[in-house]
Amino acid sequence: MPLELPQPIADFVAANARLDTDAMLRPFADGAVFADNGKRHEGRDQIRKLLAEEVVAAEAVFTPDTMREEDGKIVVEGPAHGNFPGSPIRFTYRFLLRDEAIEAVEVTL
C-alpha cells in the first residue's frame with residue numbers, strides 16, 4: 001500500500017523519481033533550509049545546486065516506506081538507490097511544512 005504523503009512531500013518524492021531538479025525544488029518555500037550530510041543549504045539557489053550535484057548526478061532515488069509525525073515534523077524513511085557507494089542506503093527525512101510548502105528538511109542515515 002503506497003504511503004499517503006502530504007502533498008509537498010509527495011511532489012518532491014515524485015520529482016525525485018524522475019530526477020527532475022526543477023520539479024524537486026518547486027515544493028520548497030523561498031527561504032527553505034535543506035540539511036544533508038551535516039551541511040546546511042539555505043534558499044532555492046543552494047538547494048538547487050545540492051539537488052543537481054548530489055541527487056541527480058548520483059541518480060539517487062528515494063523510495064519512502066514509512067511515515068510518522070514527530071515533534072511537529074513529518075518523518076519519512078526509506079531506501080535510496082543510485083550510483084553511489086553503498087547503494088541502496090536507508091535514509092530518514094525530517095520535513096517541516098508551512099503553508100503547503102517545505103520550510104525545512106533534514107536528511108540523515
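This text follows the structure it describes.
Computed from a predicted structure; not experimentally measured.

1. Looking at the environment of R68
Here is step 1 of the chain: Mapped onto the secondary structure, R68 falls in strand 4 (residues 66–70).
Here is step 2 of the chain: Separated by 26 residues in the primary sequence, R68 and R94 have C-alpha atoms spaced 9.7 Å apart.
Here is step 3 of the chain: When residues no more than four places from it in sequence are discounted, the contact partners of R68 are K73, I74, V75 and E77.
Here is step 4 of the chain: Looking at R68, its side chain comes within polar contact range of the side chain of E70, at 3.1 Å.

2. A few points about the pairing of strand 1 (residues 28–36)
Here is step 1 of the chain: Bridging between strand 1 and strand 7 (residues 101–108) involves five bridges; their strand directions are parallel. Each residue of the ladder has a partner; that of V33, found in strand 7, is A104.
Here is step 2 of the chain: Note that strand 1 and strand 2 (residues 39–42) share four bridges and pair antiparallel. Opposite V33, over in strand 2, you have E42 as the bridge partner.
Here is step 3 of the chain: From the end of strand 1 to the start of strand 2, which pair antiparallel, there are two residues, and N37 there has a positive phi angle of about 55°.

3. Some thoughts on the pattern of salt bridges
Here is step 1 of the chain: Overall, the coordinates contain seven salt bridges when judged by the stated rule.
Here is step 2 of the chain: We note a salt bridge from D30 to R44, for which the minimum N-O separation is 2.9 Å. Remark: R44 occurs in helix 3 (residues 43–56) and D30 occurs in strand 1; sequence separation between them is 14 residues.
Here is step 3 of the chain: The exposure class of R44 is partly exposed, given its relative accessible area of 28%.
Here is step 4 of the chain: Linked by salt bridges that have partners in common, R68, E70 and E77 make up one network.

4. Observations concerning the side chain of T21
Here is step 1 of the chain: Along the chain, T21 turns up in helix 2 (residues 21–25).
Here is step 2 of the chain: Relative accessible area serves as the criterion here: at 16%, T21 is assigned to the buried category.

5. Side note on the nonpolar core
A general tendency of soluble globular proteins is for nonpolar side chains to be buried together.
Here is step 1 of the chain: Membership of the largest hydrophobic core comes to 27 residues, with the highest contact counts inside it found for F12, F28, F34, Y93, F95 and V105.
Here is step 2 of the chain: Counting residues per element, the ones that place at least two in this core are helix 1 (7–17), helix 2, strand 1, helix 3, strand 5 (73–81), strand 6 (89–98) and strand 7.
Here is step 3 of the chain: If we ignore the near neighbours within four places in the chain, the residues touching V105 are F28, V33, F34, A35, Y93, R94 and F95.

6. A closer look at the packing of aromatic side chains
Here is step 1 of the chain: Here the structure, examined in full by the defined rule, presents six aromatic pairs.
Here is step 2 of the chain: Ring geometry for F12 versus F95: centroids 6.2 Å apart, planes at 70°, classification edge-to-face. Of this pair, F12 sits in helix 1 while F95 sits in strand 6, and the two are 83 residues apart along the sequence.
Here is step 3 of the chain: Taking relative accessible area as the criterion, F12 reaches 3% and is therefore assigned buried.

Calculation notes
Residues numbered from 1 in each chain as written. Predicted model: local features only at pLDDT ≥ 70, side-chain atom pairs only at ≥ 80, totals over all residues. Heavy atoms only, no water. Helix = DSSP H or I, 4+ residues; strand = E, 2+ residues; numbered from the N terminus. Contact = heavy atoms within 4.5 Å. Polar contact = N/O pair within 3.5 Å; in protein donor to acceptor, adjacent residues only side chain to side chain. Pairing = 2+ DSSP bridges. Salt bridge = Lys/Arg side-chain N within 4 Å of Asp/Glu carboxyl O. Buried < 20%, exposed > 50% of the residue type's maximum accessible area, 1.4 Å probe, protein only. Core = buried A, V, L, I, M, F, W, Y, C linked by side-chain atoms within 4.5 Å. Phe/Tyr/Trp six-rings, centres within 6.5 Å; stacked < 30°, edge-to-face > 60°.

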